[in-house]
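Here is how the chains run, residue by residue.
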Amino acid sequence: MKLVVNGVEHALDLDPRTTLLDALREHLHLTGAKKGCDHGQCGACTVLLDGRRVNSCLVLAISQQDAQVTTIEGLNHPVQEAFQEHDGFQCGYCTPGQICSAVGMLDEVGKGWPSRVTEGDDVELTGAEIRERMSGNLCRCGAYANMVPAIAEAATR
């Protein structure tokens, strides 16, 4: 099978049951996406598939042969700089997933996609809006207080 990851095509011989997360970490040695809960509940494994955020532990690699996979190693986005400036890292375990999710979330906001807390027809990126949209990514250190302003600032860049 083939996978295009961070713009590079890779030919892989994988068991069809291999998750995208395991393909990235164990076969391509891209260890940015982390294995947290392995059930899609923590978001540590978040990557972008054709620009949309997904939990890579819940996706079979073989089903993504026509997709563009972007991991934290392939990102170059203002969210990363904003996380550094606002000290949004803490231990760093969840950070790659948080950043990939934030990049995908900002794209969703740019397209005007509403969330559960969106009021009216226009999406305003308030703290509540950011928290709701990032609720699928958990941080055990509690770095949310720094991540929210980082994401808000990145949205203005």
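One can find the structure itself at the top, above this paragraph.
Residues numbered from 1 in each chain as written. Predicted model: local features only at pLDDT ≥ 70, side-chain atom pairs only at ≥ 80, totals over all residues. Heavy atoms only, no water.

So, the overall build of the chain
The line we're drawing: Every helix listed is a DSSP run of H or I at least four residues long, and every strand listed is a run of E at least two residues long, numbered separately from the N terminus. Note that the radius of gyration is over C-alpha atoms, with the globule rule given as 2.2 Å times the number of residues to the power 0.38. Burial classes follow relative accessibility: with a 1.4 Å probe on protein chains only, a residue under 20% of its type's maximum area counts as buried, one over 50% as exposed, and anything between as partly exposed. It only takes one pair of heavy atoms within 4.5 Å for two residues to be counted as in contact. Methods summary: accessible areas were calculated by the Shrake-Rupley approach with a probe of 1.4 Å, and residue burial reflects only the protein chains presented. Here the positive residues are Lys and Arg and the negative ones are Asp and Glu; neither His nor the chain ends is included. Lysine's charge is taken at NZ, arginine's at CZ, aspartate's at CG and glutamate's at CD.
Across its full length, the chain carries 5 helices and 5 strands. Along its sequence from the N terminus, the chain presents helices and strands in the succession β-β-α-β-β-β-α-α-α-α. Its C-alpha atoms give the chain a radius of gyration of 15 Å, within 12% of the compact-globule value 15 Å for 157 residues. Seen along its three principal axes, the alpha-carbon backbone of the chain occupies a region of about 45 × 35 × 25 Å. Scored against the burial criterion, the 157 residues of the chain give a buried share of 45%. Restricting to contacts in the chain with at least 6 residues of sequence separation, those with at least 24 account for 58%. By element, 47% of the accessible surface of the chain is carried by carbon and sulfur atoms, the whole surface being about 8100 Å². Put simply, the chain has 13 plus and 21 minus side-chain charges, and the middle of one group is 5 Å from the middle of the other.

Here we look at the pairing of strand 2 (residues 8-11)
Defined as follows: Here a strand pair is declared whenever DSSP counts at least two bridges between the two strands.
Where strand 1 (residues 2-5) and strand 2 come together, 4 bridges link them in antiparallel fashion. By the bridge assignment for strand 2, Lys2 is matched with Ala11. Here strand 1 folds back onto strand 2 in antiparallel fashion, the turn holding 2 residues, of which Asn6 has a positive phi close to 55°.

Digging into the environment of Gln41
The residue Gln41 is located in the loop between helix 1 (20-27) and strand 3 (46-49) in this model. Taking the C-alpha atoms as reference, Gln41 lies 22 Å from Val109; in sequence the two are 68 residues apart. Those residues within four positions of Gln41 in sequence are excluded, and the remaining contacts are Gly136 and Leu138.

With respect to unusual backbone geometry
In terms of backbone geometry, most residues other than glycine have negative phi values and most peptide bonds are trans. The backbone of Asn6 sits at a positive phi, close to 55°, despite the residue not being glycine. Take Asn6: it is sitting in the loop between strand 1 and strand 2. Phi angles above zero are rare outside glycine, and Asp38 is one such case at about 65°. Here Asp38 lies in the loop between helix 1 and strand 3.

Digging into the pattern of salt bridges
Selection rule: Just to be clear on terms, a salt bridge is a Lys or Arg side-chain nitrogen sitting within 4 Å of an Asp or Glu carboxyl oxygen.
Summed over the entire model, instances satisfying the criterion amount to 11 salt bridges. Asp22 is the salt-bridge partner of Lys35, the closest N and O atoms lying 2.9 Å from each other. Of this pair, Lys35 sits in the loop between helix 1 and strand 3 while Asp22 sits in helix 1, and the two are 13 residues apart along the sequence. Under the relative-accessibility criterion, Lys35 is labelled partly exposed at 31%. The salt bridge involving Lys35 is made with Asp38; its shortest N-O contact spans 3.9 Å. The class for Asp38 is partly exposed, based on a relative accessible area of 36%. Shared partners join several salt bridges into a network, and the residues in it are Arg53, Glu108, Glu129 and Arg133.

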